[in-house]
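Spelled out from the first residue to the last, the chains are:
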Amino acid sequence: MVIKRDQRREAFDRQKLFVGISKACEKRPLSVDEIENAVEEIEQELYRQGKQEVQSSVIGELVMERLRQMDKIAYIRFASVYRSFNDVETMLEELQDLLYRKKAEQPSGHIQELSYEIDNEA
């Protein structure tokens, strides 16, 4: 069962997860197989946790982490809806966090590549 933000409970719906990720990945260079693999990995992680009920926020964070690894633009698209960006400043903060994480994960000098990638793909 999934516990929604308003505390309602509903059955986990794999198709709903697939559709949400697919929307974020529209017009991105990701195959249906890659999206399906992401759904499978997220579903497996939820089962590994071994809980009967899971907060929808846990699923959202798993989706965001997976999209961050797959495609930065799809990640920002999903985050903008999931985190309900109300203004450009909030979105900019998320982009800066993304750049900071990328810089921390890679050797120095690669931050310009990601910045260029985001500028050209957005």
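Data block above holds the structure.
Rules used throughout
Residues numbered from 1 in each chain as written. Predicted model: local features only at pLDDT ≥ 70, side-chain atom pairs only at ≥ 80, totals over all residues. Heavy atoms only, no water. Axes fitted to C-alpha atoms, helices over the stretch in contact; angles between N-to-C directions. Helix = DSSP H or I, 4+ residues; strand = E, 2+ residues; numbered from the N terminus. Parallel < 35°, antiparallel > 145°, perpendicular 65-115°, else oblique. Left-handed = near helix turned anticlockwise from the far one by under 90°. Contact = heavy atoms within 4.5 Å. Nonpolar A, V, L, I, M, F, W, Y, C, P; charged D, E, K, R; others polar. Pairing = 2+ DSSP bridges. Buried < 20%, exposed > 50% of the residue type's maximum accessible area, 1.4 Å probe, protein only.

### Remarks on the packing of helix α1 (residues 14–24) against helix α3 (residues 56–70)
Packed helices, taken two at a time, are described by the angle between their axes plus the distance between the axes.
Reasoning step 1: As a packed pair, α1 and α3 sit with axes 12 Å apart at the nearest point and diverge in direction by 40 degrees. Compared by their axis directions, α1 and α3 come out oblique. Our pair here, α1 against α3, has a crossing hand that is right-handed. Residue-level inspection shows Leu17, Ile21 and Ala24 of α1 in contact with α3, the latter providing Ile59, Val63 and Leu67.
Reasoning step 2: Its residues placed into classes, the contact of α1 with α3 shows six nonpolar, no polar and no charged.

### Regarding the packing of α3 against helix α4 (residues 72–82)
Reasoning step 1: Across the interface, α3 lies against α4 with an axial gap of 7 Å and an inter-helix angle of 155 degrees. In terms of orientation, α3 lies roughly antiparallel with respect to α4. Where α3 crosses over α4, the handedness of that crossing is left-handed. Seen from α3, the contacting residues are Ser56, Ser57, Gly60, Glu61, Val63, Met64, Leu67, Arg68 and Met70; seen from α4, they are Lys72, Ala74, Tyr75, Phe78, Ala79 and Tyr82.
Reasoning step 2: Of the residues in the contact of α3 with α4, the class split is nine nonpolar, three polar and three charged.

### What to know about the sheet that holds strand β1 (residues 2–3)
Reasoning step 1: Spatially, three strands are ordered β2-β1-β3 in an open sheet, and the strand pairing comes out mixed. Because the sheet does not close on itself, it has two edges, and the strands there are β2 (9–10) and β3 (54–55).
Reasoning step 2: Both β1 and β3 contribute to a ladder of two bridges, which runs parallel. Its bridge partner lying in β3, Ile3 is registered against Gln55.

### Overview of unusual backbone geometry
Reasoning step 1: The phi dihedral of Gln7 falls on the positive side, at around 75 degrees, and the residue is not glycine.
Reasoning step 2: Inspection of the secondary structure puts Gln7 in the loop between β1 and β2.
Reasoning step 3: In this structure, Lys27 is a non-glycine residue whose phi angle is positive, near 60 degrees.
Reasoning step 4: Mapped onto the fold, Lys27 is located in the loop between α1 and α2 (32–49).
Reasoning step 5: We classify Lys27 as exposed; its relative accessible area is 81%.

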